Amino acid sequence: MNNHSVIGAKIRGLRETKNLSIEQIAERSGLTVEQIESIETDQNLPSLGPLIKIARALGVRLGTFMDDNDDLGPIVTRAADREKDSSISFSNDATDARKHMEYHPLAQQKAGRHMEPFVIDINPEESPAFQLSAHEGEEFIYVMQGEVEIVYGKETYKLGEGDSIFYDSIVKHHVHGAPGKSAKILAVVYIPF
């Protein structure tokens, strides 16, 4: 997978294969028609929360949108390969085109996986605007460099290099850099299917 345009095309292809309208996916996922159209036409790629909801609405794993191959054995991702491969850029929400996160998938070829591991580069923003999202599953985040903030329910957790957090994704949450700070994190998202 080279960029987010592959994800939009895969979502549209899966939806059409299942003879589902954008309106039906919107109703099943709780997203707006505009959000789904924006994702399918590559105008924008939101955070993982909406993609997880679309995957559930389509009855597929999140990994289906990101897979290159289907390999049953172990997957090794070399640091040099991760850095040279194109990343997936996410904006804060489906109406905001600023790319504030670059995701480097670590298990794209692993078939049947329930975990999605990423190294994520977070670009600095002075005043992050974001929408909280919730979905089934769990998330683990380890801060490799910089500082991040995790809004989780009514609490905000500030994490620095070497800190980690593990939480249930069903509670509304958002991960972003501390104001004006860049960061690099390891994130593992578990999504039951």
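The model shown is predicted, which means the values in this text are computed figures rather than measured ones. Just so you know, the residues in each chain are numbered from 1, in the order the chain's sequence is written. Only residues with pLDDT of 70 or above have their local features reported here, since the model is predicted, and side-chain atom pairs are shown and tallied only from 80 upward, although totals for entire chains, interfaces and linings are computed over all residues. Note: side-chain values were computed over all heavy atoms of the structure, leaving out hydrogens and water.

(A) Up close: the overall build of the chain. Counting its regular elements, the chain contains 5 helices and 9 strands. Secondary structure elements follow DSSP: runs of H or I of four or more residues count as helices, runs of E of two or more count as strands, with numbering from the N terminus. Along the chain, helices and strands appear, N-terminal first, in the series α-α-α-α-α-β-β-β-β-β-β-β-β-β. Burial status across the chain gives 49% buried among its 193 residues. A fraction of 68% describes how many contacts in the chain between residues 6 or more apart in sequence connect residues 24 or more apart. Using a 1.4 Å probe, accessible areas were evaluated by the Shrake-Rupley method; residue-level cover was limited to the displayed protein chains. When the accessible surface of the chain is split by element, carbon and sulfur atoms take 49% of a total near 9300 Å². Per-residue accessibility, obtained with a 1.4 Å probe over protein chains only, is compared with the maximum for each type, and a residue is labelled buried under 20%, exposed over 50%, and partly exposed between these values. Only heavy atoms matter for contacts: two residues are in contact if any of them lie within 4.5 Å across the pair.

(B) Local environment of unusual backbone geometry. Of note, the phi angle at Asn 19 is positive, near 55°, even though the residue is not glycine. Examined against the element boundaries, Asn 19 turns out to sit in the loop between helix H1 (4-17) and helix H2 (22-29).

(C) Up close: the packing of aromatic side chains. Centres within 6.5 Å make a pair out of two Phe, Tyr or Trp rings, where for Trp the six-membered ring is used; the pair is then stacked when the planes are under 30 degrees apart, edge-to-face when over 60, and tilted otherwise. Inspection of every chain in the model, using the stated rule, returns 3 aromatic pairs. Plain terms: the ring middles of Tyr 103 and Phe 118 are 5.0 Å apart, the flat faces sit at 85° to each other, and that makes the pair edge-to-face. In this pair, Tyr 103 sits in strand S2 (residues 99-105) while Phe 118 sits in strand S3 (residues 115-122), placing the two residues 15 residues apart along the sequence. Here Tyr 103 and Phe 118 have matching classes, each one buried.

(D) Structural view of the packing of H2 against helix H3 (residues 33-40). The convention used is that axes are lines fitted to C-alpha atoms, helices contributing only their stretch in contact, and that angles between N-to-C directions extend from 0 to 180 degrees. Packing of H2 against H3 leaves a shortest axis separation of 9 Å and a crossing angle of 115°. Taken as a pair, H2 and H3 cross one another with a handedness that is right-handed. Residues Ile 22, Glu 23, Ile 25, Ala 26 and Ser 29 of H2 touch H3, and the partners they reach there are Val 33, Ile 36, Glu 37 and Glu 40. Under the scheme applied here, ten amino acids are nonpolar (Ala, Val, Leu, Ile, Met, Phe, Trp, Tyr, Cys and Pro), four are charged (Asp, Glu, Lys and Arg), and all others, including Gly, are polar. In terms of residue class, the contact of H2 with H3 is made up of 5 nonpolar, 1 polar and 3 charged. The handedness criterion is simple: a crossing whose near helix is rotated anticlockwise from the far helix by less than a right angle is left-handed, and one whose near helix is rotated clockwise is right-handed.

(E) Highlighting the nonpolar core. Here, nonpolar core refers to any group of buried Ala, Val, Leu, Ile, Met, Phe, Trp, Tyr and Cys residues whose side-chain atoms link them within 4.5 Å. In terms of nonpolar packing, the biggest core is built from 38 residues, with Ile 54 and Phe 65 touching the most fellow members. Broken down by element, the residue count for this core peaks at 7 residues, all from helix H4 (residues 48-58).

(F) Structural context of the pattern of salt bridges. For this analysis, a salt bridge means a side-chain nitrogen from Lys or Arg found within 4 Å of a carboxyl oxygen belonging to Asp or Glu. One pass over the full model with this rule turns up 5 salt bridges. Here Arg 15 and Glu 40 are joined by a salt bridge, their closest N and O atoms 2.6 Å apart. Of this pair, Arg 15 sits in helix H1 while Glu 40 sits in helix H3, and the two are 25 residues apart along the sequence. In this pair, the class of Arg 15 matches that of Glu 40, namely buried. Measuring nitrogen to oxygen at the nearest pair gives 2.7 Å for the salt bridge that ties Lys 158 to Glu 149. Classification of Glu 149 by relative accessible area gives buried; the value is 12%.

(G) Main features of the pairing of strand S8 (residues 173-177). Here S8 lies mainly inside the structure; 5 of its 5 residues are buried. On S8, burial covers both faces: His 173, Val 175 and Gly 177 on one face and His 174 and His 176 on the other are all buried. Strands qualify as paired when DSSP identifies two bridges or more between them. Note: strand S5 (residues 148-152) against S8, 5 bridges, orientation antiparallel. Bridged to Glu 149 within S8 is His 176.

(H) Spatial organisation of the pairing of strand S9 (residues 183-190). By the bridge criterion, 8 bridges tie S3 to S9 in an arrangement that is antiparallel. By the bridge assignment for S9, Asp 121 is matched with Lys 184. In this sheet, S9 lies alongside strand S4 (residues 138-146) in antiparallel orientation, the contact comprising 8 bridges. Counterpart to Ile 141 in the pairing with S9 is Ala 187.

(I) Focus on the sheet that holds S5. Across the sheet, which stays open at both edges, the 3 strands sit in the order S6-S5-S8 with antiparallel pairing between neighbours. Edge positions in the sheet fall to strand S6 (155-159) and S8, since each of these pairs with one other strand and no more. Averaged over all pairs of adjacent strands, the angle between strand axes in this sheet comes to 15°, irrespective of strand direction.

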